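Take a look at the letters that make up each chain.
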Amino acid sequence: MPTSHADVISPLDVARKIPGLLRKAPRMIKGLMMANSTDTSTPLGLAWAFEKSTQEHPHGIALYYQDQQFSYSQFNQWANRIAHHFLAQGLKKGDVAVVLIENRPELLVTVLGLAKIGVVSALVNTSQTGKVLTHSINLVEPKAIIVGAECVQAVTDVEAELTLDSTQRYWLADAPTLEKPGRAPKGWRSLAKEIADCPNYNPPTTQKNFRPDGLFYVYTSGTTGLPKAAVFNNGRWMKAYGGFGYTFNLNADDVLYATLPFYHATAMVVCWSSVLAGNAGIAIRRKFSASEFWDDIRRYNASAFGYVGELCRYLLEKPASETDSQHRATKMVGNGLRPSIWGEFKTRFGVEEVAELYASSEGNVGFTNIFNFDNTVGFSPMPYAMVKYDKEAEAPVRDSKGSMIKVKRGEIGLLIGEITDKTPFDGYTDSVKNAGSLFTDVFKKGDKYFNTGDLMREIGFRHAQFVDRTGDTFRWKGENVSTTEVENIMTAHVDLAEAVVYGVEIANTNGRAGMAAITPHEGHEVNFGTLLAHVKAELPAYAVPLFLRVKMAMETTGTFKYQKSGLKNEGFDPAKTSNEAVYVLLPGTQEYVLLTAEMYAEIEAGAYRF
């Protein structure tokens, strides 16, 4: 998908934004200095920031949840009791505790209490079960586990495989535990009861948490394979607090609504740090609901919200209403908003500022849309490069001297982040995975860069557009096909709400042919004729999907990432596609037709020359 002229950013475009930026400049400068500091002797991090907000705004509402609300002072004292309890249990800085609780106050206060004493919270995905859950827990060698009642059965089912001290298993009732602590199951300790008589003053350990000290383990999404635990230290958190939080510019009158799962960095790091940077309030919901999203925004009088791209698409899928823009939420912060819906979303819902950002749990480079341009992940002051990438060789291109080659404005390249004192690579728990994520001798002897694995378009003035994951391309007819770009084209069709594109193997052919799982808008039927005309007009012939699978709902992870591995494994075999219709564009034809079992057998027997 080519870059439109409007998406290329020039110095003149930036100059037009200067008046608005000047109003934010003092906070932004302060935040960027905080984000880029390399001081390892000054206390900082989540616990430090929360205590700072409590001192500055003790009676302000820190957290809203259902009918509950907690002032900064109340929430801080609750976290302090948790901190003092675990100190008495012998936990210390650098130890790890698994936290497995769905979005509710008990999750955030537990993480905060542990942060105060330097204990690293392993934020396990609450939907995990079986071998995946066992792997995630054992991987980080925890000294304790704190589990919400809603997740206890999953842990109980695998307890025989866990390498965990059975005396350090804590349970929290699925209720407002300050008033209703409940009775823990056999073999579990009630955290709410055990902290009841603990001190509520700030522990001195908060002042002993420094930039290199661990804060979280954030697990990479399990769309394929077993999750990896990425180290997230206090320094990384301060980069979000200063770089994103101070730029987003919330204040004590603001409320940010967050319905994303807090085991994921977008909610736990970006949203919460943005709130704390302005002594604002955060309103949370157990799970995302498209039908109740805007009602909640009005209920909490939220002025901002956190998002990922697919959340926005789900909101657009709901029937339009005259109340769509009747709220004060004019700002949004998150990632993954696709250009195909960017303008429509802003217009329909009255959004004025899209603080789109780019970062990864394990990476060392980030972008944020401080200038509020459309269709960009934003600006980065960090040392990075976008380099030419050979998709066939799955490696960066190097010149005759062995150096990588930077792309020009408007071109697509692999994003790499230079590893420096200010932009370190904290890595994974797995040293093998760490080694595979690094490039050396990139532009000069001895330099090191982190491989983000993401293809980005350089659009000028240190701004970028996300294009694709390197692993999300496939090769067909000797050409590389970008799944993200094909998805963007397909979802621009009037009938389609979602499209997930991937490559599938056809017997007796080379490479992988394009296939798309598609979901129509509610109340729509797919017009295959106009869809084919649309993709042929917008895509080169080799990128037009040959197979379509109609799904009424897509399977996603808790962070709305598509589960492509299952789709790829099932391919276009009608016997494996869960009674969902599959259509094929046969060679030499001009229409998608229903794929039958007999036709599938003929394709596999080589009866058609694709």
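Below or above, wherever it landed, is the structure these notes cover.

Details of the nonpolar core
- The biggest cluster of nonpolar side chains holds 101 residues, and the ones touching the most others in it are F216, W237 and F305.
- Looking at which element gives the most residues to this core, the answer is helix α9 (residues 265-277), with ten residues.
- Discounting chain neighbours no more than four positions away, the residues touching F305 are L256, Y257, F293, W294, I297, A329, K331, M332, V333, F345 and V351.

Regarding the pattern of salt bridges
- Taken as a whole and judged by the stated rule, the model has 28 salt bridges.
- Between E292 and R285 there is a salt bridge, with the nearest N and O atoms lying 3.2 Å from each other.
- Among the ionic contacts, a cluster of salt bridges with common partners joins E102, R104, E106, E150, D174, R286 and K287.

Section: the pairing of strand β3 (residues 96-100)
- Counted residue by residue, β3 has five buried out of five residues, so it is predominantly covered.
- Neither face of β3 is exposed, since V96, V98 and L100 on one face and A97 and V99 on the opposite face are all buried.
- Where β3 meets strand β4 (residues 120-123), four bridges bridge the pair, whose relative direction is parallel. Counted as the bridge partner of V98 is A122 from β4.
- Handedness of the crossover joining β3 and β4 through helix α4 (residues 105-116) is recorded here as right-handed.
- Summarising the sheet, β3 and strand β5 (residues 144-148) pair through four bridges and their orientation is parallel. Counterpart to L100 in the pairing with β5 is V147.

Side note on the pairing of strand β6 (residues 169-172)
- Of the two faces of β6, the one carrying R169 and W171 and the one carrying Y170 and L172 are both buried.
- Looking at chain direction, β5 and β6 are connected through four bridges and run parallel. In the sheet register, I146 faces β6, and the bridge partner there is Y170.
- A crossover connection joins β5 to the parallel β6 through helix α6 (residues 152-157); in handedness this β-α-β unit is right-handed.

Thoughts on the sheet that holds strand β26 (residues 496-504)
- In space, the five strands of this open sheet follow the order β26-β27-β28-β29-β30, with mixed pairing throughout. Of all the strands in the sheet, the pair left with one neighbour each is β26 and β30 (593-594).
- Relative to strand β28 (residues 547-550), strand β27 (residues 513-520) runs parallel, the two sharing four bridges. Residue pairing across strands places A516 opposite L548, the latter belonging to β28.

Let's talk about the packing of helix α2 (residues 46-56) against helix α8 (residues 234-248)
- Running from N to C, α2 and α8 cross one another at 45°; their axes reach a closest spacing of 9 Å. With respect to α8, the element α2 is oriented oblique. Contacts between α2 and α8 involve L46, W48, A49 and K52 from the first element and N234, W237, M238, Y241 and Y246 from the second.

Details of the packing of aromatic side chains
- Counting across every chain of the model gives 36 aromatic pairs.
- Arranged with centres 5.1 Å apart and planes meeting at 20°, the rings of W237 and Y241 form a pair that is stacked. Here W237 pairs with Y241, and both are found in helix α8, just four residues apart, close to one helical turn.
- Residue classification places W237 among the buried positions, given a relative accessible area of 0%.
- Members of the aromatic cluster, connected to one another through ring pairs, are Y64, Y257, F288, F293, W294, Y300, F305, Y314, F345 and F349.

Examining helix α3 (residues 72-88)
- Its 17 residues place the ends of α3 24 Å apart at the C-alpha level, agreeing with the 24 Å of an ideal helix rising 1.5 Å per residue.
- Burial of α3 is extensive: twelve of the 17 residues sit out of reach of the surface.
- Residues of α3 that are buried include every one of Y72, F75, N76, W78, A79, N80, R81, I82, A83, H84, H85 and F86, and no others.
- Positioned one or two residues after α3, G90 has a phi angle of 95°, which is positive.

A word on unusual backbone geometry
- Positive phi outside glycine occurs at Q66, with the angle close to 50°.
- Topologically, Q66 is positioned in the loop between β1 (61-65) and β2 (68-71).
- Phi at N375 is positive, roughly 60°, even though this residue is not glycine.
- Considering the arrangement of structural elements, one finds N375 in the loop between β15 (367-368) and β16 (378-379).
- Look at N375 and you get buried, because its relative accessible area is 17%.

Let's talk about the sheet that holds strand β8 (residues 214-219)
- Ordered by their spatial adjacency, seven strands build an open sheet running β7-β6-β5-β3-β4-β8-β9, and the pairing between neighbours is mixed. Sheet topology places β7 (189-190) and β9 (229-233) at the edges, where each strand pairs with a single neighbour.
- Where β4 lies against β8, three bridges are found, and the strand directions are parallel. The residue of β8 that forms the bridge with S121 is F216.

Things to note about the packing of α3 against α4
- One way to put it is that α3 packs onto α4 with a least axis distance of 8 Å and a crossing angle of 55°. It follows that α3 is oblique to α4 by the angle criterion. In this structure, α3 crosses over α4, and the sense of that crossing is right-handed. Here α3 contributes F75, N76, W78, A79, N80, I82, A83 and F86 to the contact with α4, which in turn contributes P105, E106, L108, V109, T110, L112, G113, L114 and K116.
- Classifying every residue of the contact of α3 with α4 gives eleven nonpolar, four polar and two charged.

What to know about the side chain of T452
- Of note, T452 is situated in strand β22 (residues 448-460).
- Note on T452: relative accessible area 7%, which makes it buried.
- A distance of 2.7 Å separates a polar atom in the side chain of T452 from the backbone oxygen of L415.
- Polar contacts involving the side chain of T452 include one to the main-chain amide nitrogen of D454, which spans 3.1 Å.
- Beyond its immediate sequence surroundings of up to four residues, T452 is in contact with Y358, V365, L415 and R469.

The rules behind the values
- Residues numbered from 1 in each chain as written.
- Predicted model: local features only at pLDDT ≥ 70, side-chain atom pairs only at ≥ 80, totals over all residues.
- Heavy atoms only, no water.
- Core = buried A, V, L, I, M, F, W, Y, C linked by side-chain atoms within 4.5 Å.
- Buried < 20%, exposed > 50% of the residue type's maximum accessible area, 1.4 Å probe, protein only.
- Helix = DSSP H or I, 4+ residues; strand = E, 2+ residues; numbered from the N terminus.
- Contact = heavy atoms within 4.5 Å.
- Salt bridge = Lys/Arg side-chain N within 4 Å of Asp/Glu carboxyl O.
- Pairing = 2+ DSSP bridges.
- Right-handed = clockwise from strand over helix to strand, strands pointing away.
- Axes fitted to C-alpha atoms, helices over the stretch in contact; angles between N-to-C directions.
- Parallel < 35°, antiparallel > 145°, perpendicular 65-115°, else oblique.
- Phe/Tyr/Trp six-rings, centres within 6.5 Å; stacked < 30°, edge-to-face > 60°.
- Expected span 1.5 Å × (residues − 1).
- Left-handed = near helix turned anticlockwise from the far one by under 90°.
- Nonpolar A, V, L, I, M, F, W, Y, C, P; charged D, E, K, R; others polar.
- Polar contact = N/O pair within 3.5 Å; in protein donor to acceptor, adjacent residues only side chain to side chain.

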